[in-house]
Amino acid sequence: MKKFISTLLGIIFVIIVVVVIFVCTFVFSSPSKSGDSRQIIRGYWTDDDKDIVMMFDQNGKFTMAHIEDDDPEASLKDEKAQIAKGYFKLNEDTKKIKVLVLPSGRDKSVDLGEKLGFFSTFTFKNLEYDAEDTTATAWKTGKEEEEKASCKFVLSDVSKDGVYSCERTVTVDDFYDGKNN
């Protein structure tokens, strides 16, 4: 009986360690700050047709919310408007964003195609942005210009409701200018 209990506890310990390692890879990883990754993490992505705003943070945090009062920034901070919060990993090669959705404060009315109740996968397509470095242009001209960008985010394993045609409405400070290192 002792051997059975010790074997069972050993198996449970190994499972817990594997789960902790897997979750920590999402929580402690930060996205690449170059290429398509840089464009995706530089602002708030808004789908005006569905009144949804998404933010992929420079530190690997993900937030999705319903837009209230035409203010995406305030909607992301309002806990009542939030659909989901969590962490993400971005893979430029496969054009996929894997999201670990935290269970607290999750709006269950929106289908995020979660697997195991925690993991969703977004595919991003048609990412278009001005490739010109506007930070250097703003420095030379003394004028800040909002960078325009658009992208289509598709949730895997979800019906056509899982397609978000977004535009970057708010561009955050550039992390190469020394403000957000």
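Everything here concerns the structure above.
Residue positions are given per chain, counting from 1 as you read along its sequence in written order. Since the coordinates come from a predicted model, pLDDT governs what is reported: local features require at least 70, and pairs of side-chain atoms require 80 or more to be given and counted, while whole-chain, interface and lining totals use all residues. The basis for every side-chain value is the complete set of heavy atoms in the structure, and neither hydrogens nor water enter the calculation.

K.L.:
Outline the packing of aromatic side chains, supporting the account with residue identities and numerical values.
P.N.:
Two rings from Phe, Tyr or Trp (for Trp, the six-membered ring) form a pair when their centres sit within 6.5 Å of each other. Planes less than 30 degrees apart are called stacked, planes more than 60 degrees apart edge-to-face, and all others tilted. Counted by the stated rule, this structure contains eight aromatic pairs. Both rings, one in Phe56 and one in Phe153, keep their centres 5.5 Å apart while their planes meet at 35°; by these two values the pair is tilted. Of this pair, Phe56 sits in strand β2 (residues 52–56) while Phe153 sits in strand β7 (residues 149–155), placing them 97 residues apart in sequence. A relative accessible area of 1% places Phe56 in the buried class. Taken together, the aromatic side chains of Trp45, Phe56, Phe62, Phe88, Phe122 and Phe153 make up a single cluster linked through ring pairs. Sitting over a ring, as applied to charges here, requires NZ of Lys or CZ of Arg to be within 6 Å of the ring centre and within 35 degrees of the ring normal. The side chain of Lys50 reaches across the aromatic face of Tyr164, ending 4.8 Å from its centre. Strands here are runs of E lasting at least two residues and helices are runs of H or I lasting at least four, both read from the DSSP assignment and numbered beginning at the N terminus. Burial classes: relative accessible area under 20% of the type maximum marks a residue as buried, over 50% as exposed, and values in between as partly exposed (1.4 Å probe, protein chains only).

K.L.:
Break down the pattern of salt bridges for me, with residues and values.
P.N.:
For this analysis, a salt bridge means a side-chain nitrogen from Lys or Arg found within 4 Å of a carboxyl oxygen belonging to Asp or Glu. What the rule picks out here adds up to one salt bridge. A salt bridge links Asp36 to Lys95; its shortest N-O distance comes to 2.7 Å. Residue Asp36 is located in helix α2 (residues 35–40), and its partner Lys95 is located in the loop between β4 (82–91) and β5 (96–101); the two are separated by 59 residues in the primary sequence. Accessibility expressed as a relative area gives 15% for Asp36, which makes it buried.

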